[in-house]
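Observations on the three-dimensional arrangement
Read off the chains here:
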Amino acid sequence: MQASRARLFKEYKEVQREKTADPDIQLVCDDSNIFKWTALVKGPSETPYDGGVFQLAFSVPEQYPLQPPQVRFLTKIFHPNVHFKTGEICLDILKNAWSPAWTLQSVCRAIIALMAHPEADSPLNCDSGNLLRSGDIRGYQSMARMYTRLAAMPKKG
Amino acid sequence: MEDYGSSDEDIYSSDQESYDGLENEEADSQWGSSTGNSCKVITRESLLVAQREDLRRVMDLLSLREHHARTLLIHYRWDVERLFAILVEKGKTCLFAEAGVTILEEVDVDSSVSSSTMMCGICIEEVAGSEVTKMDCGHCFCNDCWTEHFIVKIKEGQSKRIRCMAHKCFAICDEAVIRKLVSKRHPDLAEKFDRFLLESYIEDNKMVKWCPSIPHCGNAIRVETDEFCEVECSCGLQFCFSCLSEAHSPCSCWMWELWTKKCRDESETVNWITVHTKPCPKCHKPVEKNGGCNLVSCICGQAFCWLCGGATGRDHTWSSIAGHSCGRYKEDQEKKSERAKRDLYRYMHYHNRYKAHTDSFTQESRLRETIKEKVANLESRDSRLRDFSWVTNGLYRLFRSRRALSFSYPFAFYMFGDDLFKDEMTNEEKEIKQHLFEDQQQQLEANVEKLSKVFEDPFDGFEETEIMDMRMQVLNLSVVTDTLCKKMYECIETDLLGALQFSSHNIAPYQSKGIERATELNGGRNTKANNNITCQKAHDQTNGGSIELVHPSGCGTSDESGCSSRKRTRKDSGGSFFDLNLPAELIDRN
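Note that the coordinates shown come from a computational prediction; the quantities given were computed from them, not determined experimentally. (Residues numbered from 1 in each chain as written. Chains lettered and ligands numbered in written order. Predicted model: local features only at pLDDT ≥ 70, side-chain atom pairs only at ≥ 80, totals over all residues.)

1. Quick word on the overall build of chain A
- Of the regular secondary structure elements, chain A holds 4 helices and 4 strands.
- Along chain A, helices (α) and strands (β) appear in the sequence α-β-β-β-β-α-α-α when read from the amino end.
- The buried share of chain A, taken over its 157 residues, is 36%.
- When contacts within chain A are restricted to residue pairs at least 6 apart in sequence, long-range pairs at least 24 apart make up 54% of them. (Helix = DSSP H or I, 4+ residues; strand = E, 2+ residues; numbered from the N terminus. Buried ≥ 20, exposed ≤ 12 C-beta atoms within 10 Å, placed from the backbone. Contact = placed C-beta atoms within 7 Å.)

If you want it as structure tokens, here you go:
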């Protein structure tokens, strides 16, 4: 309990200090609860998520960093490894490949990498996975771009 | 069946008291070394000894430390041969990498003595050099973080493979470090960790299994070469090593599972009931129709319509049950009922015989006591006949043959039925094979019954000549049934199961001397009691005493013959055709 709090506090200070180091990630801690974090990540360029800003919610367990944080998308996203309704993310480092050496910041980077490189063979979003698996790249990209426009971009007017 | 195991000893301790300890010792060591598939009992105490040899082999060959060897063995499921094969095939680096063993080139693993401080990558704190630990993989974190990590993993039940905390590092942590760090904070967890590591030898090893006794005797059994065998634990339980249920050869494990399930839910009976009866609308007992009229009355007095199952009085009257249209399905129903009836009769045929032999087996094992009395009576008589071990040997031959016979019925039920091998053979082939098998089964059956009958006689009142006659009979029949059992197994293994193309069924091989009793490991063979039991059993499994009686001129004292035959017994376990403990003339005669 104390260890996780101390570690999160360290990470918090690191985030404050390095605020400008990674312009794609904006990690914010909940004012009243150090175990709740949110992050805003930019969709990587040359992907259908380009131009979108996606919100992630972190729920950190007391065993952190020995156990991984729970992360989900708050912004709707069309991606094979993200549950379309709940935003749950299927990513090995958030499950059994977790290492205590990861930080919340590096988890965000891993999620951005996942957005750029979807893993169609273990889909949480079957529609999206099937499009990719059947080779319909255009279909997948246009769907993903549409949802990016609808959900992840500031409304104009 | 367990009770036979334990009561063996009573008989034998009375019979074989004359054996002195020295000879037993000698025979015992002979026992362990000369057998092909010798089973070992692994007790809680000898668990470490049991894995020592495997560890030692790996440590010597690869010049490793023990914990590295254990990590390798756990990863390769204690299959030393496979481990060596991978070493030859893929090389040392690959072998180690797959198992998560990393060995740094530099010997200076112990960096905890360095005085400078360092930053722990997990808690992101500056820690004194004395408070950090560097694993074999070279990753260095503070002791608190390591400890927390280990505790989490042990609690998750992953003791056997605790990885380094660094990202993408698959190295398995040094068990000594884990033990040291965890025991400082949680001695009970460290103990649990140690137990997990030790028991991996049983859990992860296909050649070692826990004894299935309830309540658990605490032992595990290790077999050497063949998983398909039947063993007896030192707690007395006899079981099939492959499926851990009671010994059932010549049934395959699959057949036995199906059979016990079938017997348990009596599915055929249920089948019959659903087809042939209807529940009485009043008392709900199943009612079978025995006449032509569709107005049926239950023994409870309620009359009802057979066609729709409705009670009279409401839907119908005594005078009229007209107005039904169920007749159009009649033909189909008839077919269904015929099939159900045929299947049930087939099942009943096999089940009745299986049951009959099992029952005989139970009854004959009660004979044990009376036979013991009779032998005692004979021994008390002043006669030149002294050795009556042929009686007990014959009796054990009867038990073993009876067992094989009873399990041959469920075997036949599945072998020649439609459930398992419908596509394996044509009907003609099946018929030929079935005849072949049934001929052998029948011969065995006849001889087993003869042998059984001999023991019914009140032979303790016999004259000497009559006893000599009986002894000849018992010996002859023993050899015959043994041979026939062997033949039946051969037929099953080669002609029947061996010929299958689409499925593979394995059975425990025929053991002429009965189910092999697992011996204590060399390291654990320290108690005298255990030794004695093993030796008594060892003698039980020979026909040692009989040699002397066939040759009244004598080939020495009974002690000698018993001992020498014991030595040969073990080599025989591979399953040669004749009982090697009997002289050739006797075998030729049959």
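Alright, that's what it looks like, and here's the rest.
2. Here we look at the pairing of strand β4 (residues 70–73) of chain A
Residue and element names in this part refer to chain A.
- Here β4 shows a buried face lined by Val71 and Phe73 and an unburied face lined by Gln70 and Arg72.
- Of the strand pairs in this sheet, strand β3 (residues 53–59) and β4 are connected by 4 bridges, and their pairing is antiparallel. In the strand pairing of β4, Ser59 is matched with Gln70. (Pairing = 2+ DSSP bridges.)

3. Remarks on the UniProt feature "active site" (unreviewed entry) in chain A
Residues and elements named next belong to chain A.
- UniProt's entry tags Cys90 with the feature "active site" (unreviewed entry), counted in the numbering of this structure.
- Within the secondary structure, Cys90 is located in the loop between β4 and α2 (104–116).
- With 17 C-beta atoms counted inside 10 Å, the residue Cys90 sits in the partly exposed group.
- Beyond its immediate sequence surroundings of up to four residues, Cys90 is in contact with Asn81, Ser122 and Leu124. (UniProt positions renumbered as here; feature names shortened; annotations may be inferred.)

4. So, the nonpolar core
- With 106 residues, the main nonpolar core has B:Leu73, B:Ile221, B:Val231 and B:Phe411 as its most contacted residues.
- Examining the composition of this core, we find that 14 residues originate from one element, helix α13 (residues 389–415) of chain B, more than from any other. (Core = buried A, V, L, I, M, F, W, Y, C linked by C-beta atoms within 7 Å.)

5. Notes on the sheet that holds strand β9 (residues 238–240) of chain B
All names here are of chain B.
- The 3 strands are arranged β9-β8-β14 in an open sheet whose pairing can be described as mixed. The open sheet has two edge strands, β9 and β14 (516–517), and neither has a second partner.
- One ladder, built from 2 bridges, connects strand β8 (residues 230–232) with β14; its direction is parallel. Looking across to β14, one finds that Val231 is bridged to Glu516.

6. What about the sheet that holds strand β1 (residues 25–29) of chain A?
All names here are of chain A.
- Read from one edge to the other, the open sheet built from 4 strands follows the order β1-β2-β3-β4, with strand pairing classed as antiparallel. The sheet is open, and its two edges are formed by β1 and β4, each paired on a single side. Adjacent strand axes in the sheet meet at a mean angle of 20 degrees when their direction is disregarded. (Axes fitted to C-alpha atoms, helices over the stretch in contact; angles between N-to-C directions.)

7. Quick word on the confidence of the model for chain B
Residue and element names in this part refer to chain B.
- With 73% of its residues at a pLDDT of 70 or more, chain B has an overall mean of 74.
- When pLDDT is averaged over each helix and strand of chain B, the minimum, 34, is found for helix α17 (residues 544–550) and the maximum, 91, for helix α8 (residues 175–185).
- In the predicted structure, residues 315–321 sits below a pLDDT of 50 and forms 10 contacts with residues beyond four places in sequence or in another chain.
- Note that residues 523–590 has pLDDT below 50 and, in this model, 129 contacts with residues that lie over four places away or in other chains.
- In the predicted complex, the global pTM is 0.64; the interface-specific ipTM is 0.79. (pLDDT = per-residue confidence, 0-100.)

8. Regarding the interface of chain A and chain B
- At the interface, 12 residues of chain A touch 11 residues of chain B.
- A per-class count over the side of chain A that touches chain B returns 7 nonpolar, 3 polar and 2 charged. (Nonpolar A, V, L, I, M, F, W, Y, C, P; charged D, E, K, R; others polar.)

9. A word on the packing of α8(B) against helix α9 (residues 187–203) of chain B
All names here are of chain B.
- At a closest axis distance of 7 Å, the pairing of α8 and α9 adopts a crossing angle of 155 degrees. One finds that α8 runs roughly antiparallel with respect to α9. Residues Glu175, Ile178, Arg179, Val182 and Ser183 of α8 form the contact with α9, whose own contacting residues are Pro187, Leu189, Ala190, Phe193, Asp194 and Leu197.
- Classifying every residue of the contact of α8 with α9 gives 7 nonpolar, 1 polar and 3 charged. (Parallel < 35°, antiparallel > 145°, perpendicular 65-115°, else oblique.)

10. Notes on the pairing of strand β2 (residues 36–42) of chain A
- Side chains A:Trp37, A:Ala39 and A:Val41 of β2(A) all project onto a buried face; the interleaved residues A:Lys36, A:Thr38, A:Leu40 and A:Lys42 project onto a face where none is buried.
- What sits between β1(A) and β2(A) in their antiparallel hairpin is a turn of 6 residues.

11. A word on helix α7 (residues 143–155) of chain B
- Along its 13 residues, α7(B) runs 18 Å from first to last C-alpha, staying within 8% of the 18 Å computed at 1.5 Å per residue.
- For α7(B), the set of buried residues is B:Cys145, B:Trp146, B:Thr147, B:Glu148, B:His149, B:Phe150, B:Ile151 and B:Lys153.
- Buried residues in α7(B) make contact with α1 (2–17) of chain A together with β4 (132–134), β5 (140–142), α8 and α9 of chain B.
- Of the residues flanking the end of α7(B), it is B:Gly157, one or two places downstream, whose phi is positive at about 80 degrees. (Expected span 1.5 Å × (residues − 1).)

12. Quick look at the environment of B:Glu456
Residues and elements named next belong to chain B.
- Here Glu456 is to be found in helix α14 (residues 427–456).
- Residue class for Glu456 comes out exposed when judged on the 10 C-beta atoms lying within 10 Å of it.
- On a C-alpha basis, the gap between Glu456 and Leu367 in space is 8.4 Å, while along the polypeptide they are 89 residues apart.

13. Overview of helix α4 (residues 66–75) of chain B
Residues and elements named next belong to chain B.
- Burial of α4 is extensive: 8 of the 10 residues sit out of reach of the surface.
- Taken together, the buried positions of α4 are His67, His68, Ala69, Arg70, Thr71, Leu72, Leu73 and Ile74.
- Summarising the contacts, the buried residues of α4 are in contact with α3 (47–62), α5 (80–90), α6 (92–99), α8 and α9.

14. Focus: the packing of α13(B) against helix α15 (residues 464–497) of chain B
Residues and elements named next belong to chain B.
- Packing of α13 against α15 brings their axes to within 10 Å, and their N-to-C directions diverge by 30 degrees. Of the possible angle classes, the one that applies to α13 and α15 is roughly parallel. As for the relative orientation of α13 and α15, their crossing is left-handed in sense. From α13, Trp390, Asn393, Gly394, Arg397, Ser401, Ala404, Ser408, Phe411 and Met415 reach across to α15, where they touch Arg471, Val474, Leu475, Ser478, Thr481, Asp482, Cys485, Met488, Ile492 and Leu496.
- In terms of residue class, the contact of α13 with α15 is built from 10 nonpolar, 6 polar and 3 charged. (Left-handed = near helix turned anticlockwise from the far one by under 90°.)

15. Some points on unusual backbone geometry
- The omega angle of the peptide bond from A:Tyr64 to A:Pro65 is 5 degrees, so this bond is cis rather than trans.
- Relative to the elements of secondary structure, A:Pro65 occurs in the loop between β3 and β4.
- Cis peptide bonds are those with omega within 30 degrees of zero, and the linkage from B:Ile214 to B:Pro215 qualifies with -5 degrees.
- Relative to the helices and strands, B:Pro215 resides in the loop between β6 (208–210) and β7 (220–222).
- Positive phi, normally seen in glycine, also occurs at B:Ser63, with a value near 40 degrees.

16. What about the environment of A:Glu11?
- As for its position among the elements, A:Glu11 is in helix α1.
- A sequence separation of 92 residues divides A:Glu11 from A:Thr103, and the C-alpha atoms of the two residues are 7.4 Å apart.

17. Topic: the environment of B:Leu237
All names here are of chain B.
- The residue Leu237 is located in the loop between β8 and β9 in this model.
- Residue classification places Leu237 among the buried positions, given that 21 C-beta atoms sit within 10 Å.
- As a C-alpha pair, Leu237 and Cys211 span 26 residues in sequence and 8.0 Å in three-dimensional space.

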